[in-house]
Protein chains: 2
Amino acid sequence: MKLLIPTDGSVYSSNAAKVAAEIALNHDYKLVVLHVVPDKGFSRKTWQNKGADSVISIITDILIEAGCDENRIESIIEDGNAPEKIVEIARNESVDRIVIGTQGKSGIKKIVGSVTEKVLQTSDALVLVVPPNYNV
Amino acid sequence: MKLLIPTDGSVYSSNAAKVAAEIALNHDYKLVVLHVVPDKGFSRKTWQNKGADSVISIITDILIEAGCDENRIESIIEDGNAPEKIVEIARNESVDRIVIGTQGKSGIKKIVGSVTEKVLQTSDALVLVVPPNYNV
């Protein structure tokens, strides 16, 4: 079971990582942690690199703490549009699931245009959505 | 693994059923097929009962054809608001996953207010979304 965990550093991503770890540990697994740095048309700045590393570390730490093997965790940092990159990486890496959090019921307006929403519209892969109410 | 498969009779529900069957067969499973008849404030009409039975049958047939045991499939027909009922039944039945299709990239506007969208906002359970591009 190959799982893609897109992360933006939010608590929703952390919850998704906990769920992904639980699923992974019941299978032969490979975990891919992805952070997309918004592409503003300039090359990535030093502070953005630090931020991206830190966002990836948060998730990697959660996975390792849950019992996942560091050698089975790959991390990818990409520049671009988050939903497009998530769908692209899921395809290129032939993942079985995208495991992603959502901010949920803070209002339809807020979720429209959200990353999860756009991923659901264009993904070729199954998407496991971890809602904010889910008790991890 | 207890899976809830909400169905509206669409091809998206059929795809979700195929995915649910595949997951189920790799676990000790129980499948709950749910159809919600929109509640118009009147008691359910004969044609609505027939329609609901038919919608349930489509999914049950897919599950059985995929190798699932009829005795492990429960079906529920409810009146009311679809997303509310789906979330309520998922909670009452303590399901592990809601497996649901989505119509996807026919436009952000179309998906807003859709059943899947509202389920994602309010669910306590994990939601496995089967996108329209998924190759079942």
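Residues numbered from 1 in each chain as written. Chains lettered and ligands numbered in written order. Predicted model: local features only at pLDDT ≥ 70, side-chain atom pairs only at ≥ 80, totals over all residues. Heavy atoms only, no water.

S.K.: Please clarify how the overall build of chain A should be interpreted in this entry.
M.R.: Tallying secondary structure elements over chain A gives 5 helices and 5 strands in all. Tracing chain A from N to C terminus, the helices and strands come up as β-α-β-α-β-α-β-α-α-β. Taken over the C-alpha trace, chain A has a radius of gyration of 14 Å; the compact-globule value for 136 residues is 14 Å, and the two agree within 12%. If you line up chain A on its principal axes, its C-alpha atoms span 40 × 35 × 25 Å. Counting only residues that meet the buried cut, chain A has 49% of its 136 residues in that class. Sequence-distant contacts, at least 24 apart, represent 77% of the contacts inside chain A between residues at least 6 apart. Accessible surface for chain A amounts to roughly 6,500 Å². Of this, 46% is attributable to carbon and sulfur atoms. One finds the centroid of the 15 positive side-chain charges in chain A at a distance of 7 Å from the centroid of its 18 negative side-chain charges. (Helix = DSSP H or I, 4+ residues; strand = E, 2+ residues; numbered from the N terminus. Rg over C-alpha atoms; globule rule 2.2 N^0.38 Å. Buried < 20%, exposed > 50% of the residue type's maximum accessible area, 1.4 Å probe, protein only. Contact = heavy atoms within 4.5 Å. Areas by Shrake-Rupley, 256 points an atom, 1.4 Å probe, with all protein chains shown as cover. Lys, Arg positive; Asp, Glu negative; His and termini not counted. Charge placed at Lys NZ, Arg CZ, Asp CG, Glu CD.)

S.K.: Can you help me understand the nonpolar core in this one?
M.R.: Soluble globular proteins tend to bury their nonpolar side chains together. Within the largest apolar cluster, 44 residues are counted, with the highest numbers of intra-cluster contacts made by Leu31(A), Leu63(A), Val99(A), Leu31(B), Leu63(B) and Val99(B). Filtering out sequence-adjacent residues up to four positions away, Leu31(B) remains in contact with Leu3(B), Ile5(B), Ala20(B), Ala24(B), Leu63(B), Cys68(B), Arg72(B), Ile73(B) and Glu74(B). (Core = buried A, V, L, I, M, F, W, Y, C linked by side-chain atoms within 4.5 Å.)

S.K.: Before we go on, may I ask you to explain the environment of Glu22(B) in this structure?
M.R.: All names here are of chain B. With respect to the element layout, glutamate 22 can be found in helix 1 (residues 11-24). We classify glutamate 22 as exposed; its relative accessible area is 51%. In sequence terms glutamate 22 and cysteine 68 are 46 residues apart; their C-alpha atoms lie 9.0 Å from each other.

S.K.: What's the story with helix 1 (residues 11-24) of chain A in this structure? I'm lost.
M.R.: Since the α-helix turns once every 3.6 residues, residues separated by three or four places project in the same direction. All names here are of chain A. The first and last C-alpha atoms of helix 1 sit 20 Å apart over 14 residues, in line with the 20 Å expected at 1.5 Å per residue. With 10 of 14 residues buried, helix 1 lies mostly within the body of the structure. Turning to helix 1, its buried residues number three or more, namely Ser13, Ser14, Asn15, Ala16, Ala17, Val19, Ala20, Ala21, Ile23 and Ala24. (Expected span 1.5 Å × (residues − 1).)

S.K.: Sorry, what's going on with a negative patch on the surface here?
M.R.: On the surface, a cluster of negative charge is made up of Asp61(A), Glu65(A), Asp69(A) and Glu70(A). According to the relative accessible area criterion, Asp69(A) is partly exposed, its value standing at 31%. (Patch = residues over 30% accessible without salt bridge, like charges linked within 9 Å, V, L, I, M, F, W, Y side chains within 5 Å. Salt bridge = Lys/Arg side-chain N within 4 Å of Asp/Glu carboxyl O.)

S.K.: Would you take a moment to explain the sheet that holds strand 4 (residues 97-101) of chain B for this structure?
M.R.: In a beta sheet, neighbouring strands pair by backbone hydrogen bonds and run either parallel or antiparallel. One open sheet holds the 10 strands; their spatial order is 3(A)-2(A)-1(A)-4(A)-5(A)-5(B)-4(B)-1(B)-2(B)-3(B), and the pairing between them is mixed. At either end of the open sheet lies a strand with only one pairing partner, and these are strand 3 (73-80) of chain A together with strand 3 (73-80) of chain B. Ignoring which end each strand starts from, the neighbouring axes of this sheet average 25° apart. Note: strand 4 of chain B against strand 5 (residues 126-130) of chain B, 5 bridges, orientation parallel. Residue pairing in the sheet places Ile98(B) in a bridge with Val127(B) of strand 5 of chain B. Contacts from helix 3 (residues 82-92) of chain A reach strand 1 (2-6), strand 2 (30-38), strand 3 and strand 4 (97-101) of chain A, with the element oriented near 140° to strand 3 of chain A. (Pairing = 2+ DSSP bridges. Axes fitted to C-alpha atoms, helices over the stretch in contact; angles between N-to-C directions.)

S.K.: How should helix 2 (residues 46-65) of chain A be read in this particular structure?
M.R.: Residue and element names in this part refer to chain A. Here helix 2 spans 28 Å end to end across 20 residues, near enough to the 28 Å set by a 1.5 Å rise per residue. By the burial criterion, the buried members of helix 2 are Gln48, Ala52, Val55, Ile56, Ile59, Thr60, Ile62 and Leu63. Taken end-on, helix 2 shows its buried residues confined to a sector of 160°, consistent with a single buried face. Across from the buried face of helix 2, at angles greater than 90 degrees, the exposed residues are Thr46, Trp47, Lys50 and Glu65. Where helix 2 is buried, its residues contact strand 1, helix 1, strand 2 and strand 3. Two residues or fewer past helix 2, glycine 67 is found with a positive phi of approximately 110°. (Arc of directions from axis to C-beta.)

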